[in-house]
There are 6 protein chains.
Amino acid sequence: MALPKRLLEEKLKSFIEEDIGQGDLTTLSTVPSGVTAKAQILAKESGVIAGVEEAQILLESVDLKTKLFIKDGAKIKAGTVIMEILGDARTILMVERTLLNIVSRMSGIASETNKLIKKIESAGYTTKVASTRKTAPGLLYFDKKAVMIGGGDTHRLHLDDLILIKDNHLKIAGSIVNAIKNARQTASFTKKIEVEVTTSADAVKASKTGVDIVMLDNMTPNQIKETIKKLEVQKLRSKILIEVSGGITEENILDYAAAKPDIISLGAITASPRSLDISLDVVEVVLRK
Amino acid sequence: MALPKRLLEEKLKSFIEEDIGQGDLTTLSTVPSGVTAKAQILAKESGVIAGVEEAQILLESVDLKTKLFIKDGAKIKAGTVIMEILGDARTILMVERTLLNIVSRMSGIASETNKLIKKIESAGYTTKVASTRKTAPGLLYFDKKAVMIGGGDTHRLHLDDLILIKDNHLKIAGSIVNAIKNARQTASFTKKIEVEVTTSADAVKASKTGVDIVMLDNMTPNQIKETIKKLEVQKLRSKILIEVSGGITEENILDYAAAKPDIISLGAITASPRSLDISLDVVEVVLRK
Amino acid sequence: MALPKRLLEEKLKSFIEEDIGQGDLTTLSTVPSGVTAKAQILAKESGVIAGVEEAQILLESVDLKTKLFIKDGAKIKAGTVIMEILGDARTILMVERTLLNIVSRMSGIASETNKLIKKIESAGYTTKVASTRKTAPGLLYFDKKAVMIGGGDTHRLHLDDLILIKDNHLKIAGSIVNAIKNARQTASFTKKIEVEVTTSADAVKASKTGVDIVMLDNMTPNQIKETIKKLEVQKLRSKILIEVSGGITEENILDYAAAKPDIISLGAITASPRSLDISLDVVEVVLRK
Amino acid sequence: MALPKRLLEEKLKSFIEEDIGQGDLTTLSTVPSGVTAKAQILAKESGVIAGVEEAQILLESVDLKTKLFIKDGAKIKAGTVIMEILGDARTILMVERTLLNIVSRMSGIASETNKLIKKIESAGYTTKVASTRKTAPGLLYFDKKAVMIGGGDTHRLHLDDLILIKDNHLKIAGSIVNAIKNARQTASFTKKIEVEVTTSADAVKASKTGVDIVMLDNMTPNQIKETIKKLEVQKLRSKILIEVSGGITEENILDYAAAKPDIISLGAITASPRSLDISLDVVEVVLRK
Amino acid sequence: MALPKRLLEEKLKSFIEEDIGQGDLTTLSTVPSGVTAKAQILAKESGVIAGVEEAQILLESVDLKTKLFIKDGAKIKAGTVIMEILGDARTILMVERTLLNIVSRMSGIASETNKLIKKIESAGYTTKVASTRKTAPGLLYFDKKAVMIGGGDTHRLHLDDLILIKDNHLKIAGSIVNAIKNARQTASFTKKIEVEVTTSADAVKASKTGVDIVMLDNMTPNQIKETIKKLEVQKLRSKILIEVSGGITEENILDYAAAKPDIISLGAITASPRSLDISLDVVEVVLRK
Amino acid sequence: MALPKRLLEEKLKSFIEEDIGQGDLTTLSTVPSGVTAKAQILAKESGVIAGVEEAQILLESVDLKTKLFIKDGAKIKAGTVIMEILGDARTILMVERTLLNIVSRMSGIASETNKLIKKIESAGYTTKVASTRKTAPGLLYFDKKAVMIGGGDTHRLHLDDLILIKDNHLKIAGSIVNAIKNARQTASFTKKIEVEVTTSADAVKASKTGVDIVMLDNMTPNQIKETIKKLEVQKLRSKILIEVSGGITEENILDYAAAKPDIISLGAITASPRSLDISLDVVEVVLRK
């Protein structure tokens, strides 16, 4: 996931517009025109940095120069300078908050995602960590890209991507078997099909009917283990991927990993992210016209 | 802060569009057309609900009917039904996630804001709680409105609103006195002027030069107390409002309130909100054509 | 694939705006205001009708009433009335051409798609017919939906959907095996991976490395048959879907179907469609104010 | 017809956005960042090329360099290299399909338009060939410009341009004479007025009432000849332009030209164009960072 | 010129959005929700009213009801109630200023246009009054429609409409004859061609070369008379329309009309309009919930 | 008030698009491609120039070079060259009218604002001159910035800015005291509160209740003087700013200034501006390719 610079610019500029209204009155009345300044983006706490590419595109799109010291995905300590900005002082101050809001949110998401992955890897498991569609409205691209930079799986990006049959669909469709069959018949051959189940019986039924992925929703680690065992007994395990979701937190994630699903997905990664503390500091006035 | 329905619709529909891509393939292949369903929005944890108005506008803008049980700002318990939705089943499922993402985020922000306010009020203080410009990009309206619903102060809404002179402005402008004078001269008579200071000497200097609000940035509660005392001695206290900001958390907020500033502002309210757990459940198929 | 009414309206209205400029001067100067008319959409040649849903949304979005006689996907004869329109005469005439341009193009695509499918089915084959990304710019939704209504497979909808490694990718990536491995490692578990090959050796290599779909590009029917045989010998055939593409026309499509690939895809369906001849006729002036 | 580069960019970028979704996953996972490549746009069949200017604007708007070998309107043979592209390999691959879809469609339209014109010229006639409003929705600019490049007349561009009174207008307006008079009275002096007729009597009536252009709709070549004769007899021929339309194809166009109207217009030029076969080939990896 | 309601709504709503920012704080804090009010649009000076249709579309697009007492184009006295508005009091107050800004500007333009026309008619001349392209940026539709309502000629609406060769074109093109010939050869048969000249010699030259309209630019009434006489002598007068422009005001317009051109055009009508004084008054609180 | 270049470009380009339609047919048919020209923007009457910054941004956004001789706010004589433009001749001619429409309107507003200010200053008063919300729809930024350049006060920029309680609010709110109290309680501490009154009694009442600004609406100079006297007597004058509005013109403004309010605001500055006469002249053809 990465859009070319020229396609991302408009969205980034719309963020600045939202903040700026008819103009940054403070900057216009206290900072003279014609001043060239140097500023630094500084991480004030440790974490995995994301949003560097977006920051660079935003800055260049308003004619500021950038010098990167840190790449997206780097694990850094508090005090690290992420990038340097050179250009018109007024413009730097006008975009400062928007810029930081993007990088702080993305870095917060990447850091949390990465922490979960490291915890699972350290315990010797290979389960992947995935995000869900619980992103901030309008920020799908940024939230999903931050997950990817943190090492996570983006999961589906649109409702026209993967077919994922959930409880509300089943309440109306009735039978899980029919729902899967209908989906198989309607869907393009280019799509995978996933179904959400809450019992091991349904997991077996779904696997037999023919899906690519089974999501075990809101099951305990023990229920997950038993379900996987049943699938192995019936030689269905290797035909599908198993995703588990619901009620999983940083505290209990290893219990779920121990059940050996293929993927663990958590809504909180993008729905309740803690922003990383990042600041912009003017460090030098380079030129006054 | 509240935009008329017709002005908010487009933004809300753009959120659905971001999620839906070329169509919700799952719903189209498992839910027949012509089904009318009833669904409920259910709070799965307690908190202050926000986003009800936005949810209603979103739902009505795609021709679904709503029945509200809870108003914005209500403090509710887990298990409370917030609203009922009646209409085309496919449409309900297509907008479900976007709808929940809005209400969960806004309710999370309102709940956290309200918790801080209650804490201050319970301790007998009258200090206001305010948000900052650390909102999610593109979500200014939603984040600020959630703060307001939670009982907080929205602070400025655009950079063309209040004049707020911060450290980076001063680094370039040089003297705090000159910066204030320039701002006073340039700004419309309709604007207030605020300046951020880090020493009590600067607080006094700013108040004498003539500002409406002084922000004491990153001071300890003791430093704040001393600064306020100095201002009182010089008979400047009553001429200005005092805002404190920086390093304030749910844990230490009462220490700051005890110093008796007029306003305490916290970036975390909107920058690191925890979404409230809210779900949408189809409860009845009303009609099948 | 089907977007809810309210999400499609804006795009449809932008089509009218492109045509109308500052107003339909002819209608305004010859048709009095306040006239209510009835009009019919009439198929002037036989074919599979598509775009009825879009026509209805367009008409209702400008406050005209519609009565449908024909559903999307129906096979009709020349002279069939597809729908009736009732409402303000000026509005009917202002949107007439835009409306017809949509329905004619979509019906043309659906008809051609369906003709190919029927030809294959009549010959007793089960091969699917798919479209490609050779759609008219800006009309992806309409072109792909028309293919679907005609019975075809829409293939991928965005570049963020299926991973499809083509010749230009391989020219830069170098080895086909590495390209597939890199894709497998980077891609979300929700995506399928397809690779385009031009030799049976590469088809075998790709299948062994692990892809979901192999596209045999620009091969003759004989080469396709031999490739499939090799894959069967190596027990790889059942693990993958086989798509063939390149140089396939209405004339030679049965030769390709006889080679028994899973999917035949043709760019011409959407790149060179013949519009169906459809007209709008005012049939009655219902009311003059 | 030609919009300045900066006004066309947005529309061209919206076409790429439609195709790309959240990113070109294939390219991102198989083509390393930092690769500079050279590619060629190659005509795989002969025809009149159109869309070169649009291709160049599109490519430059995403920071790729172009070198043109062929100009819009050139008649070329299969195998001709139209332009060379130099720049970031990922970007080239991300825009490839959108680029080709534009150039192929425009070149197809220009080629067909030009073929008709050459046929008429070769037979010694001077009749112009014009397109109609049967363009692809959203592609008015591209379709009309392709017609112009092929040597055809674009006809009116918006409904606020020429006044063109057609059958549906007359059904409501009643009398052809009144309709023309109303139009003449309402229309700006900057507009021409055209009326569509189906009988020679109406052609005479319209010419007498005072129009600039008469369209003979769905008449046979003989009926057209007779109508023109009548107009000549009444000394009306020189006061108007005569356009013929309806049922005209490549096969029968000379019969119509022989009747000596001023303009022959055909909807099929833009409504049912055959795309020219054009491809993009990466020919060299210039640099790997 | 009149766009259908649904196409005008978006533009009108964008005007409200520009004014409203994140919400009408005054109304929200002083007017309770749930109040239904009746308001009147009142003309506080006499003139020709324009913008009624736009006002109605704006009001209905935010769910307010309207009752019209006056139609576009009516000549009214000070004190006349133009329309009554019924609906949500908050919404009425939020859109009040935007609404008045539109109606006041359009009525001002219509009134001034009409005054000029009446002056010419009273003096017994038949010369038309036309506007130019000196409209307020973004308000082309509104300015031109107001001219039309006032009885004036809208002149061309876009640069793709009439061909109008002006002095700057001629400075580069060189010869006026060549410029006209090139335009005639390039332009669609659906377009008229006009050329701006400053001498009677050029007027004759242009008319001989073949144009539809000659604009006599910045000539005195006497020069215009002489030029027209020369054209009559050469039997060219009846073949063209004559437009005069430059330096014409309300004071001297009859001198120009006396020279008997076909059209007099004035930039000031739309470039320097005086807004009509129109107000909105809440006249009754109908309901409080 | 001043938006960064990159944020203003889109709006400026939308103005060109409105005018240009599908292309500037005159320029394309009379001016050859590849011509580089030099042009001048020339003031044809004296005044205060505004819009230079916007003109420069517009021109650079379509790749034309500019050389400024005059800055925004300069008082110039007729005949002054404001800027020189160098670049593609076709592009210069395509944007000419839009460019002039912006600069002429802004300069007209700045000139009129400045004339009023100079009049007040010459008479020895210090009263400020302010604009109102009577701006042209869609042109808020341009109209307000022109006022500022002319030396005037922009007043509030959005409805989410200053709280300004007017007559229609009071008709529904009932008591002026309650309205102010409600506003005070609801509004952010960052906002000022203003109330419009028509009697001196209300002016006193409002000042006592606690507002920042009192607007004396439609009072005579004498009534204003008396009201100010009453406020002074009650020691309220120094706590508030006094704005007067309604019925003030260039003729009577000194009578109002003599009453010594803080601010005089006039709707006519932006609602009925006279455009300054400014032209663009091609002065040299620099290069023909």
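See above for the structure.
First things first, this report covers the structure right here in the doc. For clarity, every value in this text was computed on a predicted model and none was experimentally measured. (Residues numbered from 1 in each chain as written. Chains lettered and ligands numbered in written order. Predicted model: local features only at pLDDT ≥ 70, side-chain atom pairs only at ≥ 80, totals over all residues. Heavy atoms only, no water.)

## Here we look at the side chain of A:Thr135
Thinking step 1. Along the chain, A:Thr135 falls in the loop between β6 (128-130) and α5 (140-149).
Thinking step 2. Those residues in contact with A:Thr135, other than ones at most four positions away along the chain, are A:Leu140, A:Asp143, A:Lys144, A:Thr270 and B:Asn101. (Helix = DSSP H or I, 4+ residues; strand = E, 2+ residues; numbered from the N terminus. Contact = heavy atoms within 4.5 Å.)

## Some points on the arrangement of the chains
Thinking step 1. The two units chain B and chain D never meet; even their closest C-alpha atoms stay 8 Å apart.
Thinking step 2. At the C-alpha level, the nearest point of chain C lies 8 Å from chain F, with no contact between them.

## Some details on the interface of chain C and chain E
Thinking step 1. On the chain E side, the residues contacting the 14 residues of chain C number 12 residues.
Thinking step 2. With both sides pooled, the region where chain C packs onto chain E buries about 1200 Å², and carbon together with sulfur makes up 62% of that total.
Thinking step 3. The largest contributions to the chain C side of the interface with chain E come from C:Lys13, C:Gln22 and C:Asp63, which together make up 46% of the buried area.
Thinking step 4. There are one salt bridge connecting chain C and chain E.
Thinking step 5. The salt bridge partner of C:Asp63 is E:Arg6, with a shortest N-O separation of 2.9 Å.
Thinking step 6. Put simply, chain C and chain E have one residue pair in polar contact (both at pLDDT 80 or more) between them.
Thinking step 7. At five residues, the largest contribution of residues to the side of chain C that touches chain E is made by helix α1 (residues 5-20) of chain C.
Thinking step 8. Within the side of chain C that touches chain E, the residues separate by chemical class into six nonpolar, four polar and four charged. (Buried area = accessible area lost by both parts, 1.4 Å probe. Salt bridge = Lys/Arg side-chain N within 4 Å of Asp/Glu carboxyl O. Polar contact = N/O pair within 3.5 Å; in protein donor to acceptor, adjacent residues only side chain to side chain. Nonpolar A, V, L, I, M, F, W, Y, C, P; charged D, E, K, R; others polar.)

## Digging into the relation of the copies chain C and chain E
Thinking step 1. Mapping chain C onto chain E calls for a screw motion: a turn of 120 degrees about the axis and a shift of 0.0 Å along it, with 0.0 Å RMSD after fitting. What we have between these two chains is a three-fold relation. In terms of proximity to the rotation axis, the leading residue of chain C is C:Glu10, whose C-alpha is 5.7 Å off the axis.
Thinking step 2. When the interface residues of chain C are mapped onto chain E, a mere 7% of them again fall at the interface, so the copies present different faces. (Least-squares fit on C-alpha atoms with pLDDT ≥ 70 in both.)

## A closer look at the interface of chain C and chain D
By a widespread convention, an interface's size corresponds to the accessible area lost as its parts come together.
Thinking step 1. The partner chain D presents 63 residues to the 62 residues of chain C that form the contact.
Thinking step 2. Between chain C and chain D lies a buried interface of about 5100 Å² when both sides are counted; carbon and sulfur atoms form 56% of it.
Thinking step 3. Here chain C and chain D share two salt bridges between them.
Thinking step 4. Where D:Arg133 meets C:Asp19, a salt bridge forms, and the shortest distance between an N and an O atom there is 2.6 Å.

## Some details on the packing of aromatic side chains
All names here are of chain A.
Thinking step 1. All chains considered together, the criterion is met by 12 aromatic pairs over all chains.
Thinking step 2. Between the aromatic rings of Phe-15 and Phe-142, the centroid separation amounts to 5.6 Å while the plane-to-plane angle is 55 degrees, which identifies the pairing as tilted. Taken together, the residues Phe-15 in helix α1 (residues 5-20) and Phe-142 in helix α5 connect sequence positions 127 residues apart. Phe-142 carries the same exposure label as Phe-15, and that label is buried.
Thinking step 3. Clustering of aromatic rings is evident, with ring pairs tying together Phe-15, Tyr-141 and Phe-142. (Phe/Tyr/Trp six-rings, centres within 6.5 Å; stacked < 30°, edge-to-face > 60°. Buried < 20%, exposed > 50% of the residue type's maximum accessible area, 1.4 Å probe, protein only.)

## Re α1(C)
Residue and element names in this part refer to chain C.
Thinking step 1. If you check α1, its first and last C-alpha atoms are 22 Å apart, about what 16 residues at 1.5 Å a residue would give, namely 22 Å.
Thinking step 2. Three or more residues of α1 are buried, namely Leu-7, Leu-8, Glu-9, Leu-12, Lys-13, Phe-15, Ile-16, Glu-18, Asp-19 and Ile-20.
Thinking step 3. Count one or two residues on from α1 and you reach Gly-21, which has phi positive near 60 degrees. (Expected span 1.5 Å × (residues − 1).)

## A word on the pattern of salt bridges
Oppositely charged side chains may form a pair once their charged atoms are brought near each other.
Thinking step 1. As enumerated under the stated definition, the model contains 112 salt bridges over all chains in all.
Thinking step 2. The shortest N-O distance in the salt bridge between A:Glu53 and A:Lys145 comes to 3.1 Å. Of this pair, A:Glu53 sits in helix α3 (residues 52-61) while A:Lys145 sits in helix α5, placing them 92 residues apart in sequence.
Thinking step 3. Under the relative-accessibility criterion, A:Lys145 is labelled buried at 3%.
Thinking step 4. When the shortest N-O distance is used, the salt bridge between D:Asp202 and D:Lys205 registers 3.7 Å. Taken as a pair, D:Asp202 and D:Lys205 lie in helix α8 (residues 200-209) at a separation of three residues, close to a single helical turn.
Thinking step 5. Several salt bridges converge on common partners, so that one network encompasses A:Arg6, A:Glu9 and D:Asp63.

## A look at unusual backbone geometry
Note: most peptide bonds trans; most residues except glycine with negative phi.
Thinking step 1. Unusually for a residue other than glycine, A:Lys260 sits at a positive phi of about 60 degrees.
Thinking step 2. Tracing the backbone shows A:Lys260 in the loop between α10 (253-257) and β11 (263-265).
Thinking step 3. With a phi angle near 55 degrees, D:Lys235 is a residue other than glycine that sits in the positive phi range.
Thinking step 4. Relative to the elements of secondary structure, D:Lys235 occurs in the loop between α9 (221-233) and β10 (241-245).
Thinking step 5. Note on D:Lys235: relative accessible area 68%, which makes it exposed.

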